[in-house]
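The primary structure of each chain is shown beneath.
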Amino acid sequence: MELGLNKGRCIWYFSGMKIKLFISLSLGLLLLGVFGFSKIEDQSTDSPQEKTVLASPFSEKSLRARTVQGDPFLLSQYKDRYLIVDFWATWCPPCVAEIPHFIAIQEAFSDVQVLGISVDDDPAIVEKFIKSKGINYPIIMSSQLDMSTFGPINSIPTTFVLDKQNRILKKVVGYESQSFFEAVIAADRKTTNKNGTH
């Protein structure tokens, strides 16, 4: 499904200080959307320790696809793991800046699975990018999915952190640090261990 994203809808977020790319008119008005920018919903300002579980559109059916690497992606393969779902593109600088975080998380935690969903047009470009960056997690092309299932994704990167029952713990629009994503998962681990159940 065509997202209608363009290279203007790519947002920089820096740890501690979040800076959005925006258009400033001479009268001091800030208008998003003039050159392809969109109004941004930012849920990443909440503390990562705050647990707010949202209904999830992520399921075996909604994520059924073949990865750029050529393998079938089945959500059931990752039962009892946290899932980080990252909507990104090779032409998006903050998306690219987050990739080392996800590579490191994938290497460090056996109970976490990262999934990248690329909104690029050309899978061949994505495949070359995967090899050049040493990406160690599956990448799916968004063109294989019904993107309307996941709600409005008007800007990238947009990243969802899911618990082990595929419920949304956090939705993040824009760049975030590796420590932020780790803290979201650590907070849920702590709550789960305390309660003895998910």
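A brief report on the enclosed structure follows. Treat the numbers as computed from the prediction; the structure is a model and nothing was measured.

By the secondary structure assignment, threonine 67 is in the loop between strand S3 (65–66) and strand S4 (72–73). Judged by its relative accessible area of 8%, threonine 67 falls in the buried class. Ignoring any residue separated from it by four or fewer positions in sequence, one finds threonine 67 in contact with Phe73, Pro138, Ile139 and Ile140.

This part takes up helix H2 (residues 123–133). Three or more residues of H2 are buried, namely Val126, Phe129 and Ile130. Looking straight down H2, one finds its buried side chains confined to an arc of 105°; they lie on one side. Residues Lys128, Lys131 and Ser132 are exposed on H2 and point more than 90 degrees away from its buried face. Positive backbone phi, at 65°, marks glycine 134, one or two positions downstream of H2.

Below, the discussion takes up the pairing of strand S5 (residues 82–88). Counted residue by residue, S5 has 7 buried out of 7 residues, so it is predominantly covered. Summarising the sheet, S5 and strand S6 (residues 112–118) pair through 7 bridges and their orientation is parallel. Each residue of the ladder has a partner; that of valine 85, found in S6, is leucine 115. As defined by bridge partners, S5 adjoins strand S8 (residues 158–162) across 5 bridges and the pair is classed as antiparallel. Paired with leucine 83 across the two strands is leucine 162, which belongs to S8.

Now for the pattern of salt bridges. Taken as a whole and judged by the stated rule, the model has 3 salt bridges. Linking aspartate 111 and lysine 164 is a salt bridge whose minimum nitrogen-to-oxygen distance equals 3.9 Å. Taken together, the positions of aspartate 111 in the loop between helix H1 (93–108) and S6 and lysine 164 in the loop between S8 and strand S9 (168–173) put the pair 53 residues apart, joining distant regions of the chain. With its nearest N and O atoms 2.9 Å apart, the salt bridge here joins aspartate 111 to arginine 189. In this pair, aspartate 111 sits in the loop between H1 and S6 while arginine 189 sits in helix H3 (residues 178–195), placing the two residues 78 residues apart along the sequence. According to the relative accessible area criterion, aspartate 111 is buried, its value standing at 17%. Residue arginine 189 is classed as partly exposed on the basis of its relative accessible area of 22%. Through salt bridges that share partners, Asp111, Lys164 and Arg189 make up one connected network.

Here H1 is 16 residues long and its end C-alpha atoms lie 24 Å apart, about the 22 Å a rise of 1.5 Å per residue gives. At isoleucine 99, H1 shows its maximal bend, which comes to roughly 25°, and the proline proline 100 appears one to four places after that position. All of the buried residues in H1 are Pro94, Cys95, Glu98, Ile99, His101, Phe102, Ile103, Ile105 and Gln106.

S9 sits mainly inside the fold: 6 of its 6 residues count as buried. Of the strand pairs in this sheet, S8 and S9 are connected by 5 bridges, and their pairing is antiparallel. For phenylalanine 160, the partnering residue across the bridge sits in S9 and is lysine 171.

Definitions and cut-offs
Residues numbered from 1 in each chain as written. Predicted model: local features only at pLDDT ≥ 70, side-chain atom pairs only at ≥ 80, totals over all residues. Heavy atoms only, no water. Helix = DSSP H or I, 4+ residues; strand = E, 2+ residues; numbered from the N terminus. Buried < 20%, exposed > 50% of the residue type's maximum accessible area, 1.4 Å probe, protein only. Contact = heavy atoms within 4.5 Å. Arc of directions from axis to C-beta. Pairing = 2+ DSSP bridges. Salt bridge = Lys/Arg side-chain N within 4 Å of Asp/Glu carboxyl O. Expected span 1.5 Å × (residues − 1). Bend = angle between axes of the 7 residues up to and from the residue.

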